[in-house]
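Examination of the molecular architecture
The primary structure of each chain is shown beneath.
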Amino acid sequence: MRDMRQQWFDDARFGMFVHFGIYGVAARHEWVQNYEKLTDADYRQYFDNFEPDRFDAAALARRAKATGMGYVVLTTKHHDGFCLFDSALTDFTSVAACGRDLVREYVDALRAEGLRVGFYYSLLDWHHADFTVDWNHPRRDDADAQALNEGRDMARYRAYLHGQVRELLTTYGTIDYLFFDFTYPEGQDGWSGKGPDDWDAEGLLALCRELQPEMLVNDRLGIPADFVTPEQYQPTAPLTRAGERQVWEACQTMNGSWGYHRDNTDQKSAAMLVEMLADSVSMDGNMLLNIGPDGRGAIAPPDEHTLAEIGEWMLLHSDAIVGAGHAALTPPREGVYTRRGDRLYLHLFRWPMGAVHLPGLAGRVRFVRLLNDGSWLRTSVIDPDQAASNMTPAGEAEGTLTVHLPIRRPDVLVPVIELRLTDEG
C-alpha cells in the first residue's frame, strides 16, 4: 500500500531537474573539478566571476509548467560545495558571490505557478576543510594526498551537513521533495568511500522527518527511504523488492551532462524523451528530466527548444501521463500502455500500417479515439480461424481487438490511442 504522502508524486509523473552552480561558468560538466583535478585556487575563478544575470526563476517555473511538469528539483549545493542559498555556516554561497539567494527566488517562483518544490543536496563537499579526501575527491592524486587527511574530521563535517539540511528545511517553508546525492561505501584505488555512517544517514533522515514530515526523500543516503532513483537508464519492468512494488523515478539528462557543458552536442530528440517518459509511466515510474542552465543562468537554447516540443505534446496528451500508471495488460509490439481509471492509453512508438492488434481487449472497450485530436477510430474483432490469402490476413488470437488506423501518422512526437474501457479493473 503506497503512502498517501506521495500521492502528488505518483500523479505528477514528470518533473524538471535543474543543475545550476558555478560549474556553469566553467561550462565543462558539473564534475569538472573532479575530472580535471582542479585545486580550490583553480576553481575559485568560477566563484569570483559568477554573474547569473539571466537566472529567471519565474521564467523557469513557467517553462516547467508549460512542459507539463508537476515539480522541479534544484541543486541547492552540488559536490563542489557551492550553495545557491544563504547559509550561516559558509560564505561559499551565491549570496556572497552575487548578492542573491537563488533558492529563495526559486521557491517563490514555483509556489506562484502551483508546482511542487524539490531540493537536491549533495552529501559530498570538496570545498569543506573537514571533508576527507577519498576516491571521488579532486585531490586524490596529489603527491601528498594521504597527508591531506591529517586534521580533517568527518564528525565536524557531519555537523555542518546536518546544519545545512536544517537551514534548508526551516528557512523556505514547506518542501515537498529532497534528493540527496550520493553514497559510495566501496573502496577504490587505495581509497575508502563514504557510506551511511559517514553521513549519520539514520539521524539525517530522522531530521528530515521531524522538520518536514510530509516531504519525500530519495534512496541515496544509503538507507531505504521513499523512492529509488535509477539514473541515465530505463528499467524494463515495474521495480520491486522482496515482491513489493517500489516507487521510482528515472533521472535523465538532455545530453549526458547534468551541469552546463557547452561543447556536448549529444542532444536527445524530443521524441526519444517522450518515449522514455511514456515508458516510465507504463512501469509505474516517474521521469525527472534535467536541464543545466548556462553560466549566466539561462536555459540553453537546445534545451529550451526540446522542452517546448515536449510541452506541445503534453498539451494534447497529458491525460496519458499525469495521474496515469501501469496497466496490467499485454501491449502490442508497437508501443506501451499507460492507464488512468477506465482510460487505457496506447503510446505508439512505431506507427503500423492500417491497424494495430490488442490482445485480450475484445469486448472490453466501448470507445476508441486518437488523443491528439479526439477523432474516433473504428474497431473490429477478426475471426481467429480466418485463413490468410493474397488479400486477407490470417485471423488474430481469441480475444484480440483490432483498431483501424489512418495510413498517415498524426503529426505529433508520439501518437496516443485512448481506449475507454467497460470497467476500471
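1. Focus on the packing of helix α11 (residues 270-282) against helix α12 (residues 301-317)
For the pair α11 and α12, the least separation of the axes is 9 Å and the interaxial angle reads 50 degrees. Taken together, α11 and α12 sit at an angle that is classed as oblique. As α11 packs across α12, the resulting crossing turns out to be right-handed. For the pair α11 and α12, the contacting residues are A270, L273, V274 and L277 in the first and T306, E309, I310, W313 and M314 in the second. Looking at side-chain class alone, the contact of α11 with α12 contains 7 nonpolar, 1 polar and 1 charged residues.

2. Examining the sheet that holds strand β15 (residues 401-404)
Paired through their backbone hydrogen bonds, the strands of a sheet run either parallel or antiparallel. Pairing within the open sheet is antiparallel, and its 3 strands lie in the order β12-β15-β14. Each of the sheet's edge strands pairs with one partner strand only, and the pair in question is β12 (355-358) and β14 (379-380). Where β12 meets β15, 4 bridges bridge the pair, whose relative direction is antiparallel. Along β15, the bridge assignment pairs H357 with T402.

3. Section: the side chain of T76
Relative to the helices and strands, T76 is located in strand β2 (residues 71-77). We classify T76 as buried; its relative accessible area is 0%. Contact partners of T76, with chain neighbours within four places excluded, come to F82, C83, L84, F85, V103, F119, Y120, Y121 and L168.

4. Quick word on unusual backbone geometry
Cis geometry marks the peptide bond from D181 to F182; its omega dihedral reads -15 degrees. Here F182 is to be found in the loop between β4 (177-181) and α9 (196-199). Even without glycine at this site, H29 takes up a positive phi of about 90 degrees. Within the secondary structure, H29 sits in the loop between α2 (23-26) and α3 (32-35). Relative accessible area serves as the criterion here: at 11%, H29 is assigned to the buried category. Even without a glycine there, the phi angle at D189 is positive, about 55 degrees. By relative accessible area, which is 66% here, D189 ends up exposed.

5. What about the nonpolar core?
Among the nonpolar cores identified, the biggest contains 94 residues, and M16, V72, F119, V165, F180, L289 and W313 are the most heavily contacted of them. One finds Y337, L361, L401 and V403 within the second-largest nonpolar core, a separate group that totals 19 residues.

6. Brief notes about the pairing of strand β16 (residues 416-421)
Here β16 lies mainly inside the structure; 6 of its 6 residues are buried. Because side chains alternate across β16, one face comprises the buried residues V416, E418 and R420, and the other comprises I417, L419 and L421, equally buried. Looking at chain direction, strand β13 (residues 365-370) and β16 are connected through 5 bridges and run antiparallel. Residue pairing in the sheet places F367 in a bridge with R420 of β16.

7. Section: the environment of G99
Mapped onto the fold, G99 is located in the loop between α6 (94-98) and α7 (102-112). Separated by 111 residues in sequence, G99 and E210 have C-alpha atoms that sit 31 Å apart.

8. Section: the sheet that holds strand β11 (residues 343-348)
With antiparallel pairing, the 4 strands of this open sheet are ordered in space as β10-β11-β16-β13. Of all strands in the sheet, those bounded by a partner on one side alone are β10 (335-340) and β13. Averaged over all adjacent pairs, the angle separating strand axes in this sheet is 20 degrees, with direction ignored. Summarising the sheet, β11 and β16 pair through 5 bridges and their orientation is antiparallel. Bridging across to β16, Y345 finds its partner in E418. Relative to β10, α11 is tilted by about 55 degrees, and along the sheet it contacts β10 and β11.

How each quantity is defined
Along each chain, the written sequence defines residue order, and numbers are assigned to residues from 1. In keeping with the predicted nature of the model, local features appear solely for residues at pLDDT of at least 70, side-chain atom pairs appear and are counted solely at 80 or more, and the whole-chain, interface and lining totals rest on all residues. Values shown for side chains rest on all heavy atoms present in the structure; no hydrogens or waters enter the calculation. As a rule, the C-alpha atoms of each element are fitted with a line to give its axis, helices using only the stretch in contact, and angles between N-to-C directions run from 0 to 180 degrees. Note on conventions: DSSP H or I runs of at least 4 residues are helices, E runs of at least 2 residues are strands, and numbering of each starts at the N terminus. Note on terminology: angles under 35 degrees are roughly parallel, angles over 145 are roughly antiparallel, angles of 65 to 115 are roughly perpendicular, and the others are oblique. Helix crossings are classified by the rotation of the near helix relative to the far one: an anticlockwise turn of less than a right angle makes the crossing left-handed, while a clockwise turn makes it right-handed. Contacts were defined at the residue level, with two residues in contact if any of their heavy atoms lie within 4.5 Å. For this classification, Asp, Glu, Lys and Arg are treated as charged, while Ala, Val, Leu, Ile, Met, Phe, Trp, Tyr, Cys and Pro are nonpolar and the rest, including Gly, are polar. Note on pairing: DSSP must find at least two bridges between two strands before they are called paired. The buried label goes to any residue with under 20% of its type's maximum accessible area, the exposed label to any with over 50%, and the partly exposed label to all in between, with areas taken from a 1.4 Å probe on protein chains only. Here the nonpolar core consists of buried residues drawn from Ala, Val, Leu, Ile, Met, Phe, Trp, Tyr and Cys, with membership extended through side-chain atoms lying within 4.5 Å.

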